[in-house]
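Single-letter residue listing:
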Amino acid sequence: MSNNKYHDILQKIKYWLIELKENEYSDYFYDFLPINIIIDNFSNYLTFETINNRFGVNFYLYDEQIRYLNDIISSFSSLIPPFGFENYYRVELVDEKDMLDYEKIFYKKCQKMRINKTDNIISYTYEIGIDPEPINYYQLTIIENVLSHFVKALRKKISEICNNLKDSRRISIVFNKNKIENIIYDGFFFEDIPDPRKKRYNKEIYEEFKEQKTTDEICYVISRFLPISNDGIKPLLVFFIFEKSKKTITKYINDNVIHHADIFMGILYDLISDEGLPKEMKFDNRIFYYASYTTLSRLNVSLVLDTQEDYATEKFEDTISEISLMAQQDNLKMDELFNLIIEGVTLTTAKLTEGIEYAEQKDHFLDEYLPEDNLNKDNNLLDDELFSDDEYEDDTNEDTNQEDEDDILDDDQTQ
């Protein structure tokens, strides 16, 4: 694809964004009001959001993206979904003074585009566990089509739409052959979005633990991406908090998201071996929940997926941010940063459970951070054996009452 085609589609999107920005009706669409543009029976959600003077529109076009939108608007916590779990597209208008350095470099060097004083068009793909990057040409064509339909609907129906906004939490504009067929004002429930398929049960885990009785324990499985990346991949911290025993176990995954399900099953095997089968496990990570659901259900463990409950609390997020800021200021090496974050977040997470005491715990662990030569070199959280190529696999030919025998989680798209 030539740069000319990419530039042309960006200019079309820029045209629609400027019209939305400069018209008085744009103020009606803030507060994260989801607008569903239904084209050829496909739902395409968009929301307005201005961040640091950057006027932008967010797009949720596929099942996983729409589930992420549902998690946001149905949550009572601004921290959920947590950092690193973003899943959407965003296009925005940025003045030159507000552009970041790497955005200017991308404009000038990579795209050979001139930077204007105002309204430069920027695009981002946000995907779980991966650093943001420019939207590709194909997705931009879909975004331009959705945006143009929305603007055309506003031109024709602006009075009706704005008059009904106060009584609605979602707008659905239905198009049939590029003509408005209906406008629906309703709540923000996404009942038409199918859940991912649950993975077939792990035969090795089931066979080893099928005779084991569940304990009286409730285990919370909390996962948070670190605000750093290694070749574009964000490391993931996974915490198991046991409600009854007040015990916290910390694990660390540094791999592409597509491998998280299999890696988690290996971690789960070790967890059950050491701690037994809890009677209930509560997840805030969809990938882990659907990967382990069938296996744990067969082992009589009750599973709950709750992406809206903030088990980790604001203190947890603040700790990661504070460590990352300090790391940038001190120019820490990657290994040092991992050790620091894991140590600090482990202590912070432990405070979430009552009754846990650390003999050497300080009032503020950052004040006691030691140079590299004093770090704990035997940190088992960085054990390479946890991430070997011989990870536990779903290896079974038995029926599991699943609609599809494919072991891979469903990421079919709705487009």
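Because the structure is a prediction, the values reported are computed rather than measured. (Residues numbered from 1 in each chain as written. Predicted model: local features only at pLDDT ≥ 70, side-chain atom pairs only at ≥ 80, totals over all residues. Heavy atoms only, no water.)

Q: Honestly, the sheet that holds strand β9 (residues 218-225) in this entry has me stumped. Any pointers?
A: In any sheet, the strands associate via hydrogen bonds between backbone groups, in a parallel or an antiparallel arrangement. Here we have 5 strands laid out as an open sheet, ordered β11-β10-β9-β12-β13, and mixed in their pairing. The sheet is open, and its two edges are formed by β11 (247-253) and β13 (302-305), each paired on a single side. Ignoring which end each strand starts from, the neighbouring axes of this sheet average 20° apart. Strands β9, β10 (236-242), β11 and β12 (280-283) of the sheet are contacted by helix α6 (residues 260-275), whose axis makes an angle of about 150° with β11. Sitting on the sheet, helix α7 (residues 286-298) is in contact with β9, β10, β11, β12 and β13, with an inclination near 165° to β13. (Pairing = 2+ DSSP bridges. Helix = DSSP H or I, 4+ residues; strand = E, 2+ residues; numbered from the N terminus. Axes fitted to C-alpha atoms, helices over the stretch in contact; angles between N-to-C directions. Contact = heavy atoms within 4.5 Å.)

Q: Help me out: how do you make sense of the packing of aromatic side chains in this one?
A: Per the counting criterion, the structure on display carries 17 aromatic pairs. Here the aromatic rings of F264 and F283 are separated by 6.0 Å at their centres, their planes lie at 70°, and the arrangement is edge-to-face. Here F264, found in helix α6, pairs with F283, found in strand β12; they are 19 residues apart in sequence, far enough to count as distant. An aromatic cluster is present here, built from F240, F264, F283, F288, Y289, Y290 and Y293 joined pairwise through their rings. The lysine or arginine in question, K198, covers the ring of Y293, its NZ or CZ lying 4.6 Å from the ring centre. Between the NZ or CZ atom of R298 and the centre of the ring of Y206, over which it lies, the distance is 5.9 Å. (Phe/Tyr/Trp six-rings, centres within 6.5 Å; stacked < 30°, edge-to-face > 60°. Lys NZ or Arg CZ within 6 Å of the ring centre and 35° of its normal.)

Q: Help me understand the nonpolar core in this model?
A: The tendency in soluble globular proteins is for nonpolar side chains to be buried side by side. L20, F29, F59 and F150 are the most contacted members of the largest nonpolar core, which has 48 residues in total. Elements represented by at least two residues in this core include exactly α1 (3-22), β1 (35-39), β2 (42-51), β3 (54-60), β4 (88-94), β5 (120-127), α4 (137-164) and β7 (170-176). Ranked by residue count, the leading element in this core is α4, at 11 residues. Leaving out residues up to four positions away in the same chain, F59 has contacts with Y45, L46, Q65, Y88, Y89, V91, I143, V146 and L147. V238, F240, I272 and F288 belong to the second largest nonpolar core, which has 35 residues in total. (Core = buried A, V, L, I, M, F, W, Y, C linked by side-chain atoms within 4.5 Å. Buried < 20%, exposed > 50% of the residue type's maximum accessible area, 1.4 Å probe, protein only.)

Q: Looking at this structure, I do not really get the pairing of strand β6 (residues 130-133). What am I missing?
A: Every other side chain in a regular strand lies on the same face of the sheet, so the side chains alternate between the two faces. Bridge count between β5 and β6: 2 bridges; the pairing is antiparallel. Counted as the bridge partner of E127 is I130 from β6. Once β5 ends, the chain turns through 2 residues before running back antiparallel as β6, passing G129 with a positive phi of about 75°.

Q: Help me understand a positive patch on the surface, please; the structure alone is not making it clear to me.
A: Residues K152, K156, K157 and K179 make up a contiguous surface patch of positive charge. Within the secondary structure, K179 sits in strand β8 (residues 179-186). (Patch = residues over 30% accessible without salt bridge, like charges linked within 9 Å, V, L, I, M, F, W, Y side chains within 5 Å. Areas by Shrake-Rupley, 256 points an atom, 1.4 Å probe, with all protein chains shown as cover. Salt bridge = Lys/Arg side-chain N within 4 Å of Asp/Glu carboxyl O. Lys, Arg positive; Asp, Glu negative; His and termini not counted. Charge placed at Lys NZ, Arg CZ, Asp CG, Glu CD.)

Q: Which parts of the structure should I look at to understand the packing of α1 against α4?
A: Two numbers describe a pair of packed helices, the interaxial angle and the distance between the axes. Closest axis-to-axis distance for the α1/α4 pair is 10 Å, and the angle between their directions is 25°. Here α1 is positioned roughly parallel relative to α4, judged by the angle of their axes. The chirality of how α1 crosses α4 is left-handed. Facing K5, Y6, I9, L10, K12, I13, Y15, W16, L17, E19 and L20 of α1, the residues of α4 in contact are Y137, L140, T141, I143, E144, L147, S148, F150, V151, L154 and R155. Of the residues that constitute the contact of α1 with α4, the class distribution is 15 nonpolar, 2 polar and 5 charged. (Parallel < 35°, antiparallel > 145°, perpendicular 65-115°, else oblique. Left-handed = near helix turned anticlockwise from the far one by under 90°. Nonpolar A, V, L, I, M, F, W, Y, C, P; charged D, E, K, R; others polar.)

Q: Hey, could you run me through the packing of α6 against α7 in this one?
A: Contact pair α6 / α7: the axes reach a minimum separation of 9 Å and the direction vectors enclose 50°. In this view, α6 runs oblique relative to α7, as classed from their interaxial angle. Once α6 is placed against α7, the crossing between them reads as right-handed. Two secondary-structure elements touch here, α6 through H260, A261, F264, M265, L268 and I272 and α7 through I287, F288, A291, S292, T295 and L296. A per-class count over the contact of α6 with α7 returns 9 nonpolar, 3 polar and no charged.

Q: What should I look at first to understand the sheet that holds β3 in this one?
A: Taken in spatial order, the 8 strands of this open sheet run β6-β5-β4-β3-β2-β1-β7-β8, and their pairing is mixed. The open sheet terminates on both sides in strands that have one partner only, identified here as β6 and β8. The mean inter-strand angle of the sheet, taken between neighbouring strand axes irrespective of direction, is 20°. Taken together, the 5 bridges between β1 and β2 define a ladder with antiparallel strand orientation. The residue of β2 that forms the bridge with I37 is N44. Taken strand by strand, helix α2 (residues 63-73) contacts β2, β3 and β4, and its axis lies near 120° from that of β3. Sitting on the sheet, α4 touches β1, β2, β3, β4, β5, β7 and β8, and the angle it makes with β8 is about 70°.

Function cannot be read off these values alone, since they describe shape.
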